[in-house]
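One-letter residues, chain by chain:
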Amino acid sequence: MFQFETQLSKLKHEVLTEVARLAKEDKLTKEAIEKVPYEIIKGDTAMYRCCVYKERAIVLERAKLASGFLANGDTEDVELIDIKPDEQIIYVIEAACDKCPLDRYTVTDSCRSCLAHRCQQACNFKAINYIAGRAYINQEACKECGMCKKACPYNAISEVMRPCKKVCPTGALDVNTESRRSIIKEEKCVNCGACMLACPFGAISDKSLIVPVVKRLVAKGKMYAVVGPAITGQFGRDIEYGQIKNAIKKLGFIDMVEAACGADAVTVHESTEFIERIEAGDSYMINSCCPGFLDYIEKIYPGQKERASRTVSPMIATGRYIKKRDPGAKVVFIGPCTAKKSEAVRDGIKGSVDYVLTFEELLALFDAFEIDPTKCESEIVDDASIFGRGFGAAGGLSDAINNYINEKGVDAEFKPIKVSGGCEIKKTMTMAKVGKLGGNFIEGMMCEGGCINGAGTIVPLLRAKGIFTKMNILATRKSVLSNEKIEEFNKVNLERQ
């Protein structure tokens, strides 16, 4: 039995599994969804909230999202649900948002009522007042610049920022001052899921496509699974890649194909594009593998959009490869990324991949279909090179391009800047904007540490990284060009349109 890290991850799994089971048995109706909270939370004793009624209200909203509906809304009988272009993937579950503090800076009891009043001197907005010698912050005037905190010699001013707002790379998280709940400004959101991962109350979740996938599996529809490289390490060090493949095929998929195979082809295509751009006089190029990073560039640094590679991501490349070989098939990408759900329906890409599931949703499928990967036989999985599989961690793309350039003997200077996470990306893009990059290629990944730390993973980064590295070393292909399937990808369009 899979050991969950937290009560929150266990709860989310139970909801996804129950929804998948209902869809499998063709019982997923409005009434069935409304009964899910009573199946998950039995009895009248609250386990982690103020009361059992609030717990069930939260589970109901999770069940709606798991069924493909919007949170905080009504439900109807479920049909095959799709995600539309520009549709929001990440939602705040209002009942679960536990009203984190609104005031970012407050004066604590550590204030010594000093005479220098350095906090007041440091404030440019006249937000610091004194009553009986002690400092107070006028929250209506405060601009949250933090200068008062830096100036206080006693560290008497505390900073408390909502975890979701703190990690959001685009400033899409805000607070409704009336309800005191978090809200997402959709025009700024890149669906990276960082807020979902950071929220300690589980108040943010992603919309799921597990229902239409289950329905097609039950109907014996022709579907292929494409798995992201980060899957190694998600199910523990004792489960082999071949066992995961066998378990996925037992679900009803025709086959499982590594997205890392597409990553090898993407490496060749993107390397060629990089060389052409540098020879044409461009000072640098930006990678295009991470959809969250691409959306970030478009929304925060639109002037840098033309610097982005025209090469599609490994997910899209592999999806097109499969559909070239089997035109009537449906493709389901399974990975750690919530932003992939929106990438699959982007203009110029839509149709390459039909559905996107996270590793969390794959685990729920295994339980709903009563499949235990530990009891599945192992089979050979040898689609990709060690560098293609390396795409799952930060810096993997740069390492692959470097390998290709060296193996081809190309006379090109490749100076990558490898960054992951919102803070590093912001610094790097700012330097690029002012012409002080210090390199000629930016590999950006929205998740800190890379895909192995994505919002849809089921184990934490520190535990996954070691297993990821150890298992990928077993790849028999030790260079990008050793993957003979690259020739087949040459027949596939690998450019964004």
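Each remark here, short or long, concerns the structure printed above.
Residues numbered from 1 in each chain as written. Predicted model: local features only at pLDDT ≥ 70, side-chain atom pairs only at ≥ 80, totals over all residues. Heavy atoms only, no water.

Trainee: Explain the pattern of salt bridges to me, and be specific about the residues and the numbers.
Mentor: Applying the stated criterion to the full structure yields 31 salt bridges. Note that Asp326 and Lys222 form a salt bridge whose closest N and O atoms lie 3.2 Å from each other. Of the two residues, Asp326 sits in the loop between α12 (314-325) and β12 (330-335) while Lys222 sits in the loop between α8 (210-218) and β9 (223-227), which places them 104 residues apart along the sequence. In this structure Lys222 comes out as partly exposed when scored by relative accessible area, which is 38%. The shortest N-O distance in the salt bridge between Asp354 and Lys323 comes to 2.8 Å. Residue Asp354 is found in the loop between α13 (339-343) and β13 (355-358), and its partner Lys323 is found in helix α12; the two are separated by 31 residues along the sequence. Since its relative accessible area comes to 17%, Asp354 is described here as buried. Residue class for Lys323 comes out buried when judged on its relative accessible area of 19%. (Salt bridge = Lys/Arg side-chain N within 4 Å of Asp/Glu carboxyl O. Helix = DSSP H or I, 4+ residues; strand = E, 2+ residues; numbered from the N terminus. Buried < 20%, exposed > 50% of the residue type's maximum accessible area, 1.4 Å probe, protein only.)

Trainee: Please set out the sheet that holds strand β10 (residues 255-258) residue by residue, giving values where relevant.
Mentor: Pairing in this open sheet of four strands is parallel, and the strands run β10-β9-β12-β13 from one edge to the other. For this open sheet the edge positions go to β10 and β13, each flanked by a neighbour on one side alone. Each neighbouring strand pair of the sheet contributes to a mean axis angle of 25°, computed without reference to strand direction. Where α8 meets the sheet, it contacts β9, β12 and β13, and its direction lies at approximately 110° from that of β13. (Pairing = 2+ DSSP bridges. Axes fitted to C-alpha atoms, helices over the stretch in contact; angles between N-to-C directions. Contact = heavy atoms within 4.5 Å.)

Trainee: An account of the pairing of β12 is needed here, citing residue identities and associated values.
Mentor: Burial runs high along β12: five of the six residues are buried. Of the strand pairs in this sheet, β9 and β12 are connected by five bridges, and their pairing is parallel. The residue of β12 that forms the bridge with Met223 is Lys330. Sheet topology note: the β12/β13 ladder contains four bridges and is parallel. Paired with Ile334 across the bridge in β13 is Leu357.

Trainee: Tell me about the nonpolar core, and please be specific about residues and values.
Mentor: Of all hydrophobic cores here, the largest spans 58 residues; its most connected members are Ile210, Val213, Phe235, Ile248, Leu251, Phe253 and Ile334. In this structure, Phe253 is in contact with Val213, Leu217, Met223, Tyr224, Ala225, Ile248 and Val332, ignoring residues within four places of it in sequence. The next biggest cluster of nonpolar side chains, apart from the first, holds 41 residues, and it includes Tyr321, Val353, Phe391 and Leu494. (Core = buried A, V, L, I, M, F, W, Y, C linked by side-chain atoms within 4.5 Å.)

Trainee: Can you break down the sheet that holds strand β15 (residues 441-445) residue by residue, with the values?
Mentor: A sheet is described by the order of its strands in space; here three strands give the open sequence β11-β15-β14, paired in parallel fashion. Whereas interior strands pair on both sides, the edge strands pair on one side only; in this sheet they are β11 (285-286) and β14 (416-420). Here β11 pairs with β15 via two bridges, running parallel. When the sheet's bridge partners are listed, Ile286 is paired in β15 with Ile442. Docked against the sheet, helix α16 (residues 396-408) engages β14 and β15, running at close to 145° with respect to β15. Sitting on the sheet, helix α17 (residues 422-433) is in contact with β11, β14 and β15, with an inclination near 145° to β14.

Trainee: Can you lay out the packing of aromatic side chains for me, pointing to particular residues and giving the numbers?
Mentor: Aromatic ring pairs are defined here through the distance separating the ring centres and the angle between the ring planes. Under the counting rule described, the total for this entry stands at six aromatic pairs. Taking the centre distance of 6.0 Å and the plane angle of 90° together, the rings of Phe274 and Phe441 count as edge-to-face. Of this pair, Phe274 sits in helix α10 (residues 259-279) while Phe441 is found in strand β15, placing the two residues 167 residues apart along the sequence. On the basis of relative accessibility, which here comes to 1%, the residue Phe274 falls in the buried class. For Phe441, a relative accessible area of 0% puts it in the buried group. Pairing Tyr321 with Phe489 gives two aromatic rings, centres 4.3 Å apart and planes at 15°, and the pair type is stacked. Of this pair, Tyr321 sits in helix α12 while Phe489 sits in helix α19 (residues 486-489), and the two are 168 residues apart along the sequence. Residue classification places Phe489 among the buried positions, given a relative accessible area of 1%. Aromatic ring contacts, followed pair by pair, group Phe274, Phe414 and Phe441 into a single cluster. Seen from the ring of Phe369, Lys24 lies directly overhead, with NZ or CZ sitting 5.1 Å from the centre. (Phe/Tyr/Trp six-rings, centres within 6.5 Å; stacked < 30°, edge-to-face > 60°. Lys NZ or Arg CZ within 6 Å of the ring centre and 35° of its normal.)

Trainee: Outline the side chain of Asp264, listing residues and values.
Mentor: Note on placement: Asp264 falls in helix α10. In this structure, Asp264 is buried with no salt-bridge partner, the nearest side chain bearing the opposite charge being Arg477 at 6.5 Å. Separated by 2.6 Å, the side chains of Asp264 and Ser385 make a polar contact. With sequence-adjacent residues up to four places away left out, Asp264 is seen in contact with Ala384, Ser385, Phe387, Gly388, Val480, Asn483 and Ile486. (Lys, Arg positive; Asp, Glu negative; His and termini not counted. Polar contact = N/O pair within 3.5 Å; in protein donor to acceptor, adjacent residues only side chain to side chain.)

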